[in-house]
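Structure at a glance
In case you want the letters, here they are:
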Amino acid sequence: MTIKDGCVHVLSLATSDLFFLLAWLLWWQAGHEDHAGPDPPRKVSAALKQGQITPTELCQKCLSLIKKTKFLNAYITVSEEVALKQAEESEKRYKNGQSLGDLDGIPVAVKDNFSTSGIETTCASNMLKGYIPPYNATVVQKLLDQGALLMGKTNLDEFAMGSGSTDGVFGPVKNPWSYSKQYREKRKQNPHSKNEDSDWLITGGSSGGSAAAVSAFTCYAALGSDTGGSTRNPAAHCGLVGFKPSYGLVSRHGLIPLVNSMDVPGILTRCVDDAAIVLGALAGPDPKDSTTVHDPINKPFMLPSLADVSKLCIGIPKEYLVPELSSEVQSLWSKAADLFESEGAKVLEVSLPHTSYSIVCYHVLCTSEVASNMARFDGLQYGHRCDIDVSTEAMYAATRREGFNDVVRGRILSGNFFLLKENYENYFVKAQKVRRLIANDFVNAFNSGVDVLLTPTTLSEAVPYLEFIKEDNRTRSAQDDIFTQAVNMAGLPAVSIPVALSNQGLPIGLQFIGRAFCDQQLLTVAKWFEKQVQFPGIQLQELTDDCSAVLENEKLASVSLKQ
Amino acid sequence: MAAPMLRWVGRGRRWTFARVDGGSCHRRGAPTGSTSNRIRGQSSVAQQPLYTTQKPRKGEHKWAAVVGLEIHAQISSNSKLFSGSQVRFSAPPNSLVSFFDASLPGTLPVLNRRCVEAAVMTGLALNCHINKKSLFDRKHYFYADLPAGYQITQRRLPIAVNGSLTYSVCAGKKQSQVIPKTVRIKQIQLEQDSGKSLHDDLRSQTLIDLNRAEGQLRVDANISVHHPGEPLGVRTEVKNLNSIRFLAKAIDYEIQRQIDELENGGEILNETRSFHHQLGYTMSMRDKEGKQDYRWFMPEPNLPPLVLYDATSLPAGADPQQVINIDQIRETLPELPSVTRERLVQQYGMLLEHSFTLLNEVGLLEFFQNVIKETRAEPKKVTSWVLNTFLGYLKQQNLAVSESPVTPSALAELLDLLDSRTISSAAAKQVFEELWKREGKTPGQIVSEKQLELMEDRGALEQLCHSVMEAHPQVVMDLKEGHPRAINKLIGLVRKATQSRADPAMIKEILEKKLSS
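Residues numbered from 1 in each chain as written. Chains lettered and ligands numbered in written order. Predicted model: local features only at pLDDT ≥ 70, side-chain atom pairs only at ≥ 80, totals over all residues. Heavy atoms only, no water.

Named according to an unreviewed UniProt entry, chain B is Glutamyl-tRNA(Gln) amidotransferase subunit B, mitochondrial originating from Colobus angolensis palliatus. According to UniProt, the comment filed for chain B under the heading Sequence similarities (unreviewed entry) is "Belongs to the GatB/GatE family. GatB subfamily." Chain B has a UniProt comment under Subunit (unreviewed entry) that states "Subunit of the heterotrimeric GatCAB amidotransferase (AdT) complex, composed of A (QRSL1), B (GATB) and C (GATC) subunits." (UniProt positions renumbered as here; feature names shortened; annotations may be inferred.)

In the nomenclature of an unreviewed UniProt entry, chain A is known as Glutamyl-tRNA(Gln) amidotransferase subunit A, mitochondrial of Colobus angolensis palliatus. Taken directly from UniProt, the Subunit (unreviewed entry) text for chain A runs: "Subunit of the heterotrimeric GatCAB amidotransferase (AdT) complex, composed of A (QRSL1), B (GATB) and C (GATC) subunits." UniProt's Sequence similarities (unreviewed entry) comment on chain A is quoted here verbatim: "Belongs to the amidase family. GatA subfamily."

Scanning chain B from N- to C-terminus turns up 16 helices and 16 strands. When the 517 residues of chain B are sorted by exposure, 49% land in the buried category. When contacts within chain B are restricted to residue pairs at least 6 apart in sequence, those whose partners lie at least 24 apart make up 67%. Accessible area for chain B stands at about 25,600 Å²; split by element, carbon and sulfur atoms hold 50% of it. (Helix = DSSP H or I, 4+ residues; strand = E, 2+ residues; numbered from the N terminus. Buried < 20%, exposed > 50% of the residue type's maximum accessible area, 1.4 Å probe, protein only. Contact = heavy atoms within 4.5 Å. Areas by Shrake-Rupley, 256 points an atom, 1.4 Å probe, with all protein chains shown as cover.)

Right, let's get into the packing of aromatic side chains. Residues and elements named next belong to chain B. Counted according to the given criterion, the structure contains 30 aromatic pairs over all chains. Ring geometry for Phe 82 against Phe 136: centres 5.8 Å apart, planes inclined by 80 degrees, an arrangement best described as edge-to-face. Of this pair, Phe 82 sits in the loop between β2 (64–75) and α3 (113–125) while Phe 136 sits in the loop between β4 (133–134) and β5 (137–140); the two residues are 54 residues apart in sequence, bridging distant segments of the chain. Both residues of the pair, Phe 82 and Phe 136, belong to the buried class. Seen from their ring centres, Tyr 393 and Phe 432 are 4.9 Å apart, and the 70 degrees between their planes marks the pair as edge-to-face. (Phe/Tyr/Trp six-rings, centres within 6.5 Å; stacked < 30°, edge-to-face > 60°.)

Bringing the domain arrangement of chain B into the picture now. Residues and elements named next belong to chain B. Along its sequence, chain B is carved into domain 1 (64–287), domain 2 (337–450) and domain 3 (458–516). For domain 1 versus domain 2, the separation of C-alpha centres amounts to 38 Å. Each side of the interface is counted separately: domain 1 has five residues, and domain 2 has four residues. For the pair domain 1 and domain 2, the summed buried surface comes to about 350 Å²; carbon and sulfur atoms form 66% of the total. Between the two partners, domain 1 and domain 2, sit zero salt bridges. Along the contact surface separating domain 1 from domain 2 lie zero residue pairs in polar contact (both at pLDDT 80 or more). Residue classes in the side of domain 1 that touches domain 2 are distributed as two nonpolar, three polar and no charged. (Domains from an automatic or database assignment. Buried area = accessible area lost by both parts, 1.4 Å probe. Salt bridge = Lys/Arg side-chain N within 4 Å of Asp/Glu carboxyl O. Polar contact = N/O pair within 3.5 Å; in protein donor to acceptor, adjacent residues only side chain to side chain. Nonpolar A, V, L, I, M, F, W, Y, C, P; charged D, E, K, R; others polar.)

All names here are of chain A. Between helix α10 (residues 327–342) and helix α18 (residues 519–533), the shortest axis-to-axis distance is 12 Å and the interhelical angle comes to 105 degrees. Taken together, the axes of α10 and α18 are roughly perpendicular relative to one another. Here α10 contributes Ala 336, Leu 339 and Phe 340 to the contact with α18, which in turn contributes Val 525, Trp 528, Phe 529 and Gln 532. Considering only residue class, the contact of α10 with α18 consists of six nonpolar, one polar and no charged. (Axes fitted to C-alpha atoms, helices over the stretch in contact; angles between N-to-C directions. Parallel < 35°, antiparallel > 145°, perpendicular 65-115°, else oblique.)

Residue and element names in this part refer to chain A. With numbering aligned to this structure, UniProt lists the feature "active site" (unreviewed entry) at Lys 111, Ser 206 and Ser 230. A maximum C-alpha distance of 11.0 Å is found for the annotated residues, which run over 120 residues; spatially they form one tight group. Topologically, Lys 111 is positioned in strand β2 (residues 107–111). By relative accessible area, Lys 111 is classed as buried at 0%. A polar atom in the side chain of Lys 111 sits 2.8 Å from the side chain of Ser 206. Mapped onto the fold, Ser 230 is located in the loop between β4 (221–226) and α8 (232–237). The contacts of Ser 230, once residues within four sequence positions are left out, are Lys 111, Ala 160, Gly 162, Gly 205, Ser 206, Ser 207 and Ser 225. Within the local environment of Ser 230, its side chain forms a polar contact with the side chain of Ser 206, the two groups lying 2.9 Å apart.

A few words on the sheet that holds strand β3 (residues 149–154) of chain A. Residue and element names in this part refer to chain A. With respect to topology, eleven strands assemble into an open sheet ordered β1-β3-β2-β4-β6-β5-β10-β11-β9-β7-β8, the strand pairing being mixed. Of all strands in the sheet, those bounded by a partner on one side alone are β1 (75–78) and β8 (346–350). Here the average twist between neighbouring strands, direction ignored, is 30 degrees. Each of β2, β3, β4 and β6 (264–269) touches helix α5 (residues 138–145); the most contacted strand, β4, lies at about 165 degrees to it. (Pairing = 2+ DSSP bridges.)

And the structure:
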């Protein structure tokens with residue numbers, strides 16, 4: 001790495017990493033050559049159009065995979081009948097040459113905190129067990145309007161509060177990579193590895209169910225939600241593209257809120273082009289969500305293939321180099337910066353000076369809004385209600401005690417504390433001011449000429465469940481959201497891209513952060529990067545046998561045409 | 001104070017919420033008899049600045065009361081403030097409830113343009129400063145009729161602030177002295193209404209109607225008393241007063257209660273009270289409703305700041321559907337009551353108190369103007385007939401102007417007959433009474449059927465006068481002995497003999513001539 005203006009040295013490598021760096025760069029180039037070949041993978045949507053596979057066949061394969069991977073606990077509800085009916089309709093459209101577009105007949109999954117008309121929506125909470133919304137979230141409706149097949153509702157941390165997908169009432173989600181050929185082979189080499197079955201890995205969270213569902217080939221894309229990193233974090237741990245759009249680009253109507261001012265629907269896919277296709281279907285103003293912005297982006301969302309990055313300026317925020325960052329992630333981050341530089345991009349170290357205050361500030365704002373948003377769950381109109389009826393107040397208290405888990409109740413209590421009259425100025429108002437400073441940090445960085453920021457997504461690769469639960473939810477969230485939540489406070493678009501496998505054979509992701517409403521530019525850069533790194537897909541043959549063979553070997557793993 | 005507000009913010013489901021700061025509002029003495037005046041004449045605010053328990057004794061402290069009102073009024077709109085569901089009076093319970101109104105998870109508020117326009121219009125009518133940018137806040141409390149657990153309101157930066165309303169009260173022996181007053185308006189804010197609770201004590205159940213409350217006007221009164229020159233006293237809040245009469249009663253009661261309490265060595269607690277309208281007293285609301293920590297107010301994150309424009313700040317090429325232009329709303333503002341009153345005084349030489357009466361009765365001004373348009377009679381005559389005769393009949397039978405059996409045209413024709421001296425005033429009253437019977441006859445028809453025309457035949461009248469004088473020699477004697485007023489008795493007797501058809505002036509002239517001869 002050439003040091004320009006003395007600023008990139010924060011990412012300088014330990015000597016021991018050099019070998020790895022070389023190997024990695026060679027491998028990238030090899031991957032590059034592979035795909036310069038004459039036979040690019042066909043996109044599944046092209047296969048559908050050409051009649052090589054029917055929507056019903058595709059749907060049945062995915063349903064079969066859902067059954068085979070049930071132990072992953074990725075789905076809370078599998079909407080088999082709905083999906084098959086939708087597939088049938090899609091099939092008719094294809095036969096009549098009236099396909100609705102790239103998503104017609106494509107199996108998708110939706111995190112169980114998006115309202116789905118007629119389909120139970122639980123937020124992985126006792127509070128909403130049995131709650132069947134009478135309406136579709138705008139994003140769900142848009143997917144259906146495009147002909148997508150809704151396979152089911154995916155697991156999460158209760159009310160999306162968590163970073164492991166371990167704290168929902170339906171139990172933890174298992175990371176498909178726990179069962180991958182890549183991870184298993186590495187473990188065999190390791191004489192210390194213990195009993196495999198109890199050593200399964202977490203997916204990250206809170207959209208872990210959606211990540212596992214896409215990663216295990218049970219669908220092509222899934223909706224997550226992203227309030228502090230809940231889409232990007234599990235994407236990084238599951239080797240997926242996890243995209244958080246600009247706040248206001250995609251409607252939140254029907255998304256059961258965690259923090260209204262930070263929530264955005266997130267997109268999990270196996271490649272950047274797929275994320276762009278889904279974003280194209282979802283983006284746009286919604287009269288039902290007053291915070292959506294009127295036409296900030298030109299549709300459609302086709303991403304150009306960037307031939308040349310020489311006009312690009314990549315910012316490396318120095319505050320993101322924290323002591324807790326694993327050396328593997330750090331070196332991959334550094335190599336990624338080098339890659340851009342070697343291809344002619346300008347790489348600058350930038351400063352986001354208020355970064356260290358971000359997680360605390362996020363905690364205050366998050367819990368305050370949680371306290372407010374959770375107030376409606378009182379057992380009166382929908383969801384759980386306790387048996388106690390001595391008074392309305394007693395009923396509220398018991399219902400909420402029974403309905404919410406400790407994490408949710410803890411956040412409600414903290415939030416109410418921050419919102420008390422005597423604390424409001426000292427906590428909530430101050431946190432809002434810090435939020436503004438954090439948002440301004442990004443503005444300043446982008447004003448200094450940076451197009452896109454490059455950071456890690458997570459501190460390390462996924463850890464085993466038994467390891468993860470040694471710390472409580474709050475500690476884990478503070479650690480795991482460290483690189484992701486500031487983006488939510490600033491409302492910026494960000495995407496986690498899988499880069500490479502760790503020494504353990506597990507995926508590691510890096511995050512790109514773009515200017516507000518420059519989602520397309522961000523994804524274009526991400527697509528270029530994705531092409532360079534050629535992240536190896538998950539190998540789940542043993543687990544999923546014939547089904548995944550269809551999806552992997554026939555190269556139908558993505559909606560879009562990978563080039 | 002509240003009535004003009006009502007005129008602007010009438011029926012509907014939204015709440016405009018005006019905080020009227022009546023800091024300068026001192027009230028007078030014992031509530032006896034003053035209550036009904038207050039309503040009729042809108043004189044609910046004091047004529048004398050000081051308030052005493054009984055007649056002030058020498059050296060005794062005087063009390064001043066301070067009253068501030070929080071007025072909740074529904075906006076006349078087709079749909080609710082934050083949802084598309086309809087607003088309709090007396091709709092079946094929970095029949096007009098959108099997913100948002102029911103606070104289903106994931107639903108978001110969408111601001112109703114009509115409500116914003118109504119709030120701006122109200123602000124302009126009340127001389128407020130309209131904030132070009134206002135914000136929405138959440139006020140939190142748990143209550144069964146508040147399904148979200150919070151209410152969306154405007155606390156930090158409301159849509160309009162710092163207004164005033166000038167009004168007048170009638171004072172003096174005959175209520176003929178008009179005293180102008182001004183009440184300050186602190187702020188006007190848009191606020192979501194809560195639902196309505198129906199408590200079924202028998203089965204100890206509470207039923208909730210999320211159509212939202214039915215009342216069109218609800219007032220909370222904040223009241224304190226202090227000695228002039230000393231700091232303000234501790235205030236109490238009397239909640240949910242739903243008529244102007246009860247509002248006045250509750251305030252009177254509460255002022256008196258506080259004074260009695262303090263004079264007996266007690267203290268006033270900062271508390272919420274309710275008004276028992278049948279028994280006429282206030283009592284402490286000891287339930288939790290009154291003692292909430294609202295967990296302060298959090299900004300409503302789902303509604304961006306409400307930005308309004310005026311002619312100078314309007315962005316070029318802005319879609320009129322997407323922006324609200326204050327100046328444009330100002331142009332559509334109807335003539336305000338104070339301007340109308342001034343115009344009536346100027347144009348028709350009317351007394352100010354008459355202009356108040358004309359405006360306070362719904363439809364009366366329009367009726368008056370229609371009569372004026374069609375009659376040759378003097379405006380003063382018209383005013384007198386409309387305010388005395390016409391309004392008197394309406395009140396007597398408890399009818400609204402729109403329910404009147406007498407049309408403006410009929411009254412105009414009647415006044416023309418009077419003006420042309422075709423009939424006497426007394427005959428005119430008779431005709432009016434006939435008109436009131438709704439028999440479909442015109443004044444002209446009634447006059448000719450009942451032979452009410454003035455007696456023009458001087459000879460016949462002279463004959464009548466002569467007969468009356470002969471029949472009442474004692475009265476004639478009195479007159480001659482220097483009691484000139486006794487002539488009225490004779491005039492009355494002659495008129496009676498003519499069935500009121502004769503002109504009293506002519507009778508008087510004939511009588512005088514005969515007496516002096």
